[in-house]
Each structure stands twice: as C-alpha cells, then as structure tokens.
Amino acid sequence: MTAAAALASRIPGAVLAPDGLPLHVGNPVAEQRRLRRDALVLLPRDVLRLTGPDRLPWLDSITSQAIDRLPAGASAETLVLSPEGRIEHALRLRETGDALWIVVDAGAGDALEAWLTRMRFFKEVGIERPEAVVVGAAGEPAGELAWLDGWPEVAPGGVRYGEPTGEPWRWSEAILTPTEADALDPARFVGTLAADALRIAAGRPALAEVDERTIPHELDWLTTAVHLSKGCYRGQETVAKVHNLGAPPRRVVLLHLDGSQNAPVAPGDVVLRGDAEVGAVTSSAMHDELGPIALAVVKRGTPTDEDLAVRSAEGIAVAAGQQVLVPPTAGHAHRPPRLPRLGAVQRPTR
C-alpha cells in the first residue's frame, strides 16, 4: 500500500476510487465549499526529483517553457511535446535551489522518467523517484515544498486566447514525505470530485483534456506552459506555426448542462450540433453553484452563438450552453496579407 492510500484508509467516511484515493467524503457538492476554505485533497500524482548543475538548462532545452533561470522557491509549468507539437506530458515544477521537483499525473511517472533518461546523454543531471504524497489545496498549501499554480494569469512569454471563466482559481500541490502526510488530520480531507469541479469551472486544462492529437493552443495552455520566444525544443515549430500563421483545429469550451433530465454526462460522451458530431466531453462535474458542467473539445468552426447537446451513455441528448474559452479566431498572430490571385480583376477603390 502506498503512503497516500494508507492515509486515505484513515479518512472517515471516504468513498475510494480504484487507485485507493477518496472520490468523496460525504456530499461531494458540499465538499467544494470546504475545499475553498481549508480542506485538503489527496491527489493521484507521481513525483520526480532532478539534481545536478545542468538540470534547468537541460530541461529548458527539451520542453516548452523557459525555465533555465528558474529561481529557488519558484513554480512553473512546462509541456513535453511530440515532434509534431502534440502534448505528451504536463509537468508541474518547483525549484528549491538544489533540486527541481516534478509533479505529474499518476501513471505518467514511469514513461516520463524513461524519456528523460534517454534524453540526458552526457548532461550532469540526476533523476530520482522519491516516495512522496501530493496534497492539493485551494487555500494555503499543505506544506512548504509546493507547486503554486499560476492559472489564469499569463506567464512571461505566454499568450491567452480567451477570457478567464470568471470563477476564482487558486491552487497548490504540496509534495510531502510519508511522515509529513501521516501527520495531517484525516478529517481535513475531501475527495477529488470537489477538486475536479473547481478546476472545470475555472476552465483550467489538465491531461484529462488531452488525446493523441491535442496541441497546446486548443486548450489555451499557451497561457502558463509555453514560452513563445525561447529557443528551439521538440515540437516548437508546430507551436510557432499554429500561433503565428495558422489556427488550432479544435477548441475547448465550458458546457453548462441541463440537469432537468437527470442524465449524467461523462468524459467521452459525444457533443452534438443538431445531428452532427462536433466534439467530445473531456471532464464533467456537479458544481455547487453552476450545477452540472463539463469541459469539451469541439471543432474550431463550431458556431459560438449556438447551444449544443451532449449524447449521454443512455442515449439522451442533454442540452448544453457553451461558454467560449478558446475562440475560433485563436492563432493568426502574424498571418501575412493575402496577395490577389494572378489575373484577378482589381476593382478600383473610391
């Protein structure tokens, strides 16, 4: 049993997910209000620790964010992209002066460690997998060693395509030793469903929104995880080309769902415009103020002024109003003017 699962087993009334962490402790809607105050969440995360003098410039050279001069005590976020610019890993970073701590979603640690090891070559970088428990908080961090999320503020070198949802978002993920985690009061914990609801309402992207085709622009992840004027890295050509000359083929939206039919919406459910399939739900939740909500990725050309629908697992079409997060106009930052076609008739201007 992991240290996180051992702590979860002590939380009174917890309903556990298959990974052994609490989905909810009592009413998951009421837990959102507790989480905004001082409650904590056990998160399904893997942790890596990089040491050595080359750790920052080396990781800077192979990921999307400018972190070569990240000061001690600072947090950042960066992405590992494929050569085609598609998202492979999302890294939450905390530099301490003697090490760089990396937090990733549970299950991603092994693949990331293997890739980093292959990319290390002759650099002076140590890669470790310390035993740790990651605890999320919407209030004060649960420990001194914590990643502080910068969303929705635009990081230096980044760009935001859409407007924030208007829902407040303050988030940290503390990296604790098993002993530190064991000292926390189990009664302070709520489930991950509460954290998911707050994240979705804030339009905050996560790996839940990522499939094998996803590029950062589609999720507005250039806000915090990409530096547009740093040096080359894997996938940089696609990032620059789509931002400057093209447009992302899809865009993320926040869906406000009709709850009157009592038909639950889940990740993977198809988003419809009339009878046409235009996307899919990536995350869903019951929010304590907004009601049923979801994040979905839809085709860029989906009209922004039309209501959509989600086809639930039971085949019910659930009405969904869309709140634009990434507008169809995203990209095109430096698209040159189109020249007239050869032989085209030029109409005189008056």
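Before any of the text, the structure's been laid out above.
Below is a short write-up of the structure. Just so you know, these numbers come straight off a predicted model, no measurement behind them. (Residues numbered from 1 in each chain as written. Predicted model: local features only at pLDDT ≥ 70, side-chain atom pairs only at ≥ 80, totals over all residues. Heavy atoms only, no water.)

A closer look at the sheet that holds strand 17 (residues 308-311)
In sheet architecture, strand pairing relies on hydrogen bonds along the backbone and comes in two forms, parallel and antiparallel. Judged by pairing direction, the barrel is antiparallel, and its six strands sit side by side in the order 13-16-15-14-17-18 before closing back on the first. Going across the sheet, the axis of each strand differs from the next one's by a mean of 40 degrees, ignoring polarity. Looking at chain direction, strand 13 (residues 250-257) and strand 16 (residues 291-299) are connected through seven bridges and run antiparallel. Paired with R251 across the two strands is V298, which belongs to strand 16. Sitting on the sheet, helix 6 (residues 192-201) touches strand 13, strand 15 (276-287) and strand 16, and the angle it makes with strand 15 is about 130 degrees. (Pairing = 2+ DSSP bridges. Helix = DSSP H or I, 4+ residues; strand = E, 2+ residues; numbered from the N terminus. Axes fitted to C-alpha atoms, helices over the stretch in contact; angles between N-to-C directions. Contact = heavy atoms within 4.5 Å.)

With respect to helix 2 (residues 28-37)
Within helix 2, burial applies to E31, Q32 and L35. An end-on view of helix 2 places all buried positions within 115 degrees of arc, on one side of the element. Buried residues along helix 2 sit in contact with strand 2 (22-25), strand 3 (40-42), strand 12 (189-190), helix 6 and strand 15. For helix 2, the side-chain oxygen to backbone nitrogen distance between the N-cap and V29 is 2.9 Å, and the N-cap itself is N27. (Buried < 20%, exposed > 50% of the residue type's maximum accessible area, 1.4 Å probe, protein only. Arc of directions from axis to C-beta. Polar contact = N/O pair within 3.5 Å; in protein donor to acceptor, adjacent residues only side chain to side chain.)

Section: the sheet that holds strand 4 (residues 45-51)
Spatial ordering of the open sheet is given by 5-6-7-4-8, a layout of five strands whose pairing is antiparallel. Only two strands of the sheet have a single partner each, and these edge strands are strand 5 (75-81) and strand 8 (126-128). For this sheet, the mean angle separating the axes of adjacent strands, direction not counted, is 25 degrees. Relative to strand 7 (residues 100-105), strand 4 is paired through six bridges, and the arrangement is antiparallel. Looking at the pairing, L48 lines up with I102 of strand 7. Where helix 4 (residues 109-119) meets the sheet, it contacts strand 4, strand 5, strand 6 (87-95), strand 7 and strand 8, and its direction lies at approximately 20 degrees from that of strand 4.

A closer look at the pairing of strand 16
Taking burial as the measure, the nine residues of strand 16 include eight buried ones, the bulk of the element. With eight bridges connecting them, strand 15 and strand 16 associate as antiparallel partners. Of the residues in strand 16, the one forming a bridge with A285 is I293. Between strand 15 and strand 16, which follow one another and run antiparallel, lie three residues.

Considering the pattern of salt bridges
Enumeration over the complete set of coordinates arrives at 23 salt bridges. Measuring nitrogen to oxygen at the nearest pair gives 2.9 Å for the salt bridge that ties R129 to D110. Of this pair, R129 sits in the loop between strand 8 and strand 9 (133-137) while D110 sits in helix 4; the two residues are 19 residues apart in sequence, bridging distant segments of the chain. By relative accessible area, D110 is classed as exposed at 55%. Salt-bridge contacts for R250 lead to E218; the nearest nitrogen and oxygen are separated by 3.2 Å. Of this pair, R250 sits in strand 13 while E218 sits in the loop between helix 6 and helix 7 (236-244), and the two are 32 residues apart along the sequence. Note on R250: relative accessible area 9%, which makes it buried. Linked by salt bridges that have partners in common, R45, R92, D105 and E173 make up one network. (Salt bridge = Lys/Arg side-chain N within 4 Å of Asp/Glu carboxyl O.)

A word on the nonpolar core
In this structure, L79 and W221 are the most contacted members of the largest nonpolar core, which totals 24 residues. Where this core is concerned, the elements lending two or more residues are strand 5, strand 6, helix 6, strand 13 and strand 16. With near-sequence residues (within four places) excluded, W221 lies in contact with E77, L79, I87, A90, R204, P205, A206, L207, V210, P216 and V226. Residues A74, L93, V104 and L112 belong to the second largest nonpolar core, which totals 22 residues. (Core = buried A, V, L, I, M, F, W, Y, C linked by side-chain atoms within 4.5 Å.)

Things to note about the packing of aromatic side chains
What the rule picks out here adds up to one aromatic pair. For the ring pair W169 and W171, a centre distance of 5.4 Å and an interplane angle of 20 degrees mean the geometry is stacked. In this structure W169 comes out as buried when scored by relative accessible area, which is 14%. Lying across the ring of W147, R92 places its NZ or CZ 5.8 Å from the centre. Over the face of the ring belonging to W151 we find R160, whose NZ or CZ atom lies 4.6 Å from the ring centre. (Phe/Tyr/Trp six-rings, centres within 6.5 Å; stacked < 30°, edge-to-face > 60°. Lys NZ or Arg CZ within 6 Å of the ring centre and 35° of its normal.)

A short note on the layout of surface pockets
Within this model, the largest pocket holds a volume of roughly 970 Å³. As for the largest pocket, its lining consists of 45 residues, and the residues nearest its centre are D196, A197, I200, S284 and A285. Elements represented by at least two residues in the lining of the largest pocket include exactly helix 2, strand 6, helix 6, strand 15 and strand 16. A per-element tally of the lining of the largest pocket places helix 6 first, with eight residues. Looking at the lining of the largest pocket residue by residue, the classes come out as 28 nonpolar, seven polar and ten charged. Its volume calculated, the second largest pocket comes out at about 360 Å³. Residue lining of the second largest pocket: 18 residues in total, with T2, A4, R45, D46 and A132 positioned closest to the centre. When residues of the lining of the second largest pocket are traced back to their parent elements, those giving at least two are helix 1 (3-8), strand 4 and strand 9. (1 Å grid on protein atoms, 1.4 Å probe; cavity = no way out; pocket = protein on both sides within 12 Å on 5 of 7 lines; lining within 4 Å. Points joined across faces, edges and corners; volume = space filled by probe spheres on them. Nonpolar A, V, L, I, M, F, W, Y, C, P; charged D, E, K, R; others polar.)

Interpretation note: all reported values are geometric properties and have no functional meaning in isolation.
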